[in-house]
Amino acid sequence: MPETLRSVLPQLRRAPRAVVRLLAWSVLETAQTFLFGYALARALDDGFLRGEPGTGVRWLAGAALAVVLGAFGTARVYAALAGIVEPMRDDLVCRIVHRALRDPDGAAVSRLTHQVEIARDTLAGLLLVSRTFVLAAVAALAGLLALAPVLLLIVVPPLVAGLALFAATLRPLARRQTDFLVADEAVTADLDAALAGLRDIAAVGAQPRVAADAARRIDAELRAARALARWGTLRELAVGIAGRLPIVLLLASAPWLLGHGVTPGALVAALAYLTQSLLPALQSLVLSLGTAAARLAVILNRLTPDDPEPPEPRPPLDRGTPAAAASRPAVSSRGLTSATLPPDRDTPGAAGPRPAVSVRGLTFATEPAESRPPLAPLPPDRGTPGAAASRPAVSLRGLTFAYGSHAEPVLRGLDLDLASGGHLAVAGPSGIGKSTLTALIAGVLAPDRGEVRLSGVPVGGRRPEASAALRVLVPQEAYVFTGTVRENVAYLCPELPPDAAVLASCAAVGADGLVDRLGGPDGQVDPGSLSAGERQLLALARAHLAPAPLVLLDEATCHLDPAAEARAERAFAERGRERTGGALVVVAHRISSARRADRILVMDGAHTDCGTHEELLARSALYRDLAGSWDEGAHPDVGSHADTASHPALCPADPDGVDPVAGPGLAGDGRHVVAHGPVGQMEAARDLRERGARGGE
């Protein structure tokens, strides 16, 4: 077990006082083991066998007192043991957190919880059983020496032989145990992946391949289990030689021992030492070192690999100078997914994919140039002059992405540019790829082909902390944590901003009333007591205060009413115009959200289109369906009425055929769902656990 010893010994050296306390309290347990057998021998030889029961009872009372003292020492042993294993646990937690911040992955939570606790408990168990065996062996051999030294000739040789055999099996047994654990985890990982992707596996006809891969993993685990079992038989043989053979030898040699000066009490005490102390301690030691130690070595090797390279220094936050702002990445690509059309084969000289949409620098091609209707004039560039302003906030080139090698690509060869200061709304049916587009822009997903650049900086291959300086993504499910309002809102800032900046961002997105109710910047945030909309307001304030110039809102206002949504989006649009390289991308939840943007990108697979609201109504059937619930006659003025009486822009081909009602106006409206057809009222728009269905339906 050299790997385990190398992992455990440093922990013992770091806690010398705890080790001393552990050994000191262990003396009481050693005394208990010694006195139990010795008192039993004296009670028989000096008491009951001589016809003096009082003497025998006194010796037995002494043995009982030794048991009480041993129990007292055992209780103190656990406290001393905690002084050794708890610092090890704290050290593991610190190293895991440090590693997760540098190179995050999906296993960090499991390491921090389940695996760390396994390592702590296993180490504590190993220390206990090893200590117990050593103490039991010392006490038993000392008792035999005190009672009749000749007994050692019967007990020691098989004990040493069995321990030597067990020591010889430790290294190969540990290797087999490690192989079995790795094989078992490989089977679990493969089966989990297969279960999670059953739908895709069936869709591409990969059942035979997946089944063959799983069979190979299972066969490997079977071979590892058999190898482990073969070495396990040697472990049991070692226990038999070291622990059980001395008992047989004592019984077989009892007449000879009694004839050579060994008293009956000494013989009974020797049997008690072997059966009640030495054999149980030996069995625990062999079992623990044979299985738990190997598991501990595997876990420690995974929890504490070689330290990674130091993280790249985070770009300094300097909001004051244009040069510094220009040097910052301007776009956050978390959640941005785009689609591109193939090259225009009808136009001579066309080579490669063509840009098809232009939204203040956003270009996107949907039709041949000669048949495409003219675009509306672009709004003036509101960015600041300079090199950063001349670069697109988002630039996609040849972007292709699919969920699996045999799946239909969500995006194929997309070319897209979004200029600094731009405001783009992305609309389309559910599942068409809007969130995938934002994830690709943010660097959360890696494209199969193509490149994503934010303010001219490639997103691929960057560390998370470097990408965070380029973009901020606000998903639909807002994350807030227990702490103060200041800690939640300033979470993405490298340096703590003044309270005035915190309050200004809260007011800009409409969270000022919530912050006042919570008690200001020092108010405590309890995520469980906040509604979904209140959590979204705090997340929006955090994104508004963040230094990243690009903001991606992936249905981040779906739990807000239309007026609150409009206020937040206008605040982010103004933020994008004020910051060099700034921009806003919104996955539209309502048609009013789309109309506030400079341009609207409608995603519908190969028929993606882009333009203003009026242009898309004229040429996009899908957009007309999405905007069908908009009452154009009642609310012609987008600025004054669109934000208070709009309906969500859902796909009319939704399999349930329902649209949630975003505002009052229907008879008996209770924020429930109203079907397009004669299905009637059904299902709550909010979580059923919050409100329940109307009328018990």
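Anything mentioned here points back to the structure above.
Residues numbered from 1 in each chain as written. Predicted model: local features only at pLDDT ≥ 70, side-chain atom pairs only at ≥ 80, totals over all residues. Heavy atoms only, no water.

Looking at the sheet that holds strand 11 (residues 583–587)
Piece 1. The strand order across the open sheet built from six strands is 7-10-11-4-12-13, with neighbouring strands paired in mixed fashion. If you trace the sheet from one side to the other, it starts and ends with strand 7 (471–474) and strand 13 (609–611), each paired once. The average angle at which neighbouring strand axes cross in this sheet is 15°, direction not considered.
Piece 2. Sheet topology places strand 4 (residues 423–427) next to strand 11; four bridges connect them, and they run parallel. (Pairing = 2+ DSSP bridges. Helix = DSSP H or I, 4+ residues; strand = E, 2+ residues; numbered from the N terminus. Axes fitted to C-alpha atoms, helices over the stretch in contact; angles between N-to-C directions.)

As for a nonpolar patch on the surface
Piece 1. Together, F48, V57 and L60 make up a nonpolar patch on the protein surface, roughly 250 Å² of accessible area in all.
Piece 2. A relative accessible area of 49% places V57 in the partly exposed class. (Patch = residues over 30% accessible without salt bridge, like charges linked within 9 Å, V, L, I, M, F, W, Y side chains within 5 Å. Areas by Shrake-Rupley, 256 points an atom, 1.4 Å probe, with all protein chains shown as cover. Salt bridge = Lys/Arg side-chain N within 4 Å of Asp/Glu carboxyl O. Buried < 20%, exposed > 50% of the residue type's maximum accessible area, 1.4 Å probe, protein only.)

Here's the deal with the pattern of salt bridges
Piece 1. Enumeration according to the criterion identifies 23 salt bridges in this entry.
Piece 2. One salt bridge in this structure joins R577 and E574, with 2.5 Å as the shortest N-O distance. One end of the pair, R577, and the other, E574, are both in helix 18 (residues 562–578), three residues apart, so they sit about a helical turn from each other.
Piece 3. Looking at E574, the relative accessible area reads 34%, which means it is partly exposed.
Piece 4. Taken together, the salt bridges that share partners define one network made up of E86, R89, D90, E117, R120 and D121.

Focus: the packing of aromatic side chains
Piece 1. Under the criterion given, the structure shown has six aromatic pairs.
Piece 2. Residues F401 and Y403 carry aromatic rings whose centres are separated by 4.7 Å and whose planes lie at 90° to one another, so their mutual orientation is edge-to-face.
Piece 3. Through a chain of ring-to-ring contacts, the aromatic side chains of F34, Y38 and W59 assemble into a single cluster.
Piece 4. Looking at R42, its charged tip hangs above the ring of Y38, at a distance of 5.3 Å from the centre. (Phe/Tyr/Trp six-rings, centres within 6.5 Å; stacked < 30°, edge-to-face > 60°. Lys NZ or Arg CZ within 6 Å of the ring centre and 35° of its normal.)

A short note on the pairing of strand 5 (residues 449–454)
Piece 1. Relative to strand 5, strand 2 (residues 394–401) runs antiparallel, the two sharing five bridges. Bridge pairing in strand 5 places V394 opposite L454.
Piece 2. Where strand 5 meets strand 6 (residues 457–458), two bridges bridge the pair, whose relative direction is antiparallel. The residue bridging L454 from the neighbouring strand is V457, located in strand 6.

Observations concerning the sheet that holds strand 2
Piece 1. Within the open sheet, the four strands sit side by side as 3-2-5-6. Their pairing is antiparallel. Taken across any chain shown, the strands that pair with only one partner, and hence form the sheet edges, are strand 3 (411–418) and strand 6.

So, the environment of A504
Piece 1. Along the chain, the position of A504 falls in helix 15 (residues 499–509).
Piece 2. Between the C-alpha atoms of A504 and L545, which are 41 residues apart in sequence, the distance is 8.6 Å.

Concerning the environment of G261
Piece 1. Structurally, G261 is set in the loop between helix 8 (254–259) and helix 9 (264–303).
Piece 2. Classification of G261 by relative accessible area gives exposed; the value is 64%.
Piece 3. For the pair G261 and A148, spaced 113 residues apart in the sequence, the C-alpha separation amounts to 8.3 Å.

Structural notes on the packing of helix 15 against helix 17 (residues 532–545)
Piece 1. The contact between helix 15 and helix 17 brings their axes to 8 Å, and the two run at 120°. Relative to helix 17, the element helix 15 is oriented oblique. Crossing angle aside, the handedness with which helix 15 passes helix 17 is right-handed. On helix 17, the residues that touch A501, V502, S505, C506, A508 and V509 of helix 15 are L537, L540, A541, H544 and L545.
Piece 2. The residue makeup of the contact of helix 15 with helix 17, split by class, is nine nonpolar, two polar and no charged. (Parallel < 35°, antiparallel > 145°, perpendicular 65-115°, else oblique. Left-handed = near helix turned anticlockwise from the far one by under 90°. Contact = heavy atoms within 4.5 Å. Nonpolar A, V, L, I, M, F, W, Y, C, P; charged D, E, K, R; others polar.)

Overview of helix 18
Piece 1. For helix 18, with 17 residues, the first-to-last C-alpha span of 24 Å sits near the 24 Å given by 1.5 Å per residue.
Piece 2. Every buried residue belonging to helix 18 is among P562, E565, A566, A568, E569, A571, F572, A573, R575 and G576, and all of these are buried.
Piece 3. Summarising the contacts, the buried residues of helix 18 are in contact with strand 4, helix 15, helix 17, strand 10 (550–554), strand 11 and helix 19 (591–595).
Piece 4. Its side-chain oxygen placed 3.1 Å from the backbone nitrogen of A563, D561 serves as the N-cap of helix 18. (Expected span 1.5 Å × (residues − 1). Polar contact = N/O pair within 3.5 Å; in protein donor to acceptor, adjacent residues only side chain to side chain.)

Some remarks on unusual backbone geometry
Piece 1. At S455, a position not held by glycine, the phi torsion is positive, near 50°.
Piece 2. Mapped onto the elements, S455 comes out in the loop between strand 5 and strand 6.
Piece 3. Unusually for a residue other than glycine, E555 sits at a positive phi of about 50°.
Piece 4. Topologically, E555 is positioned in the loop between strand 10 and helix 18.
Piece 5. Since its relative accessible area comes to 22%, E555 is described here as partly exposed.

Quick look at the side chain of T33
Piece 1. As for its placement among the helices and strands, T33 is situated in helix 2 (residues 16–47).
Piece 2. If near-sequence neighbours (up to four positions away) are discounted, T33 is found in contact with A136, A139, Y273 and S277.

Some points on the nonpolar core
Piece 1. L92, A119, L144, L151, L250, L289 and L303 are the most contacted members of the largest nonpolar core, which has 59 residues in total.
Piece 2. For this core, the leading source of residues is helix 9, giving 18 residues.
Piece 3. Excluding residues within four positions of it along the chain, A119 makes contact with M88, L92, L296, I299, L300 and L303.
Piece 4. Counting residues in each nonpolar core, the second largest holds 35 residues, with V515, L545, V551 and A556 among its members. (Core = buried A, V, L, I, M, F, W, Y, C linked by side-chain atoms within 4.5 Å.)

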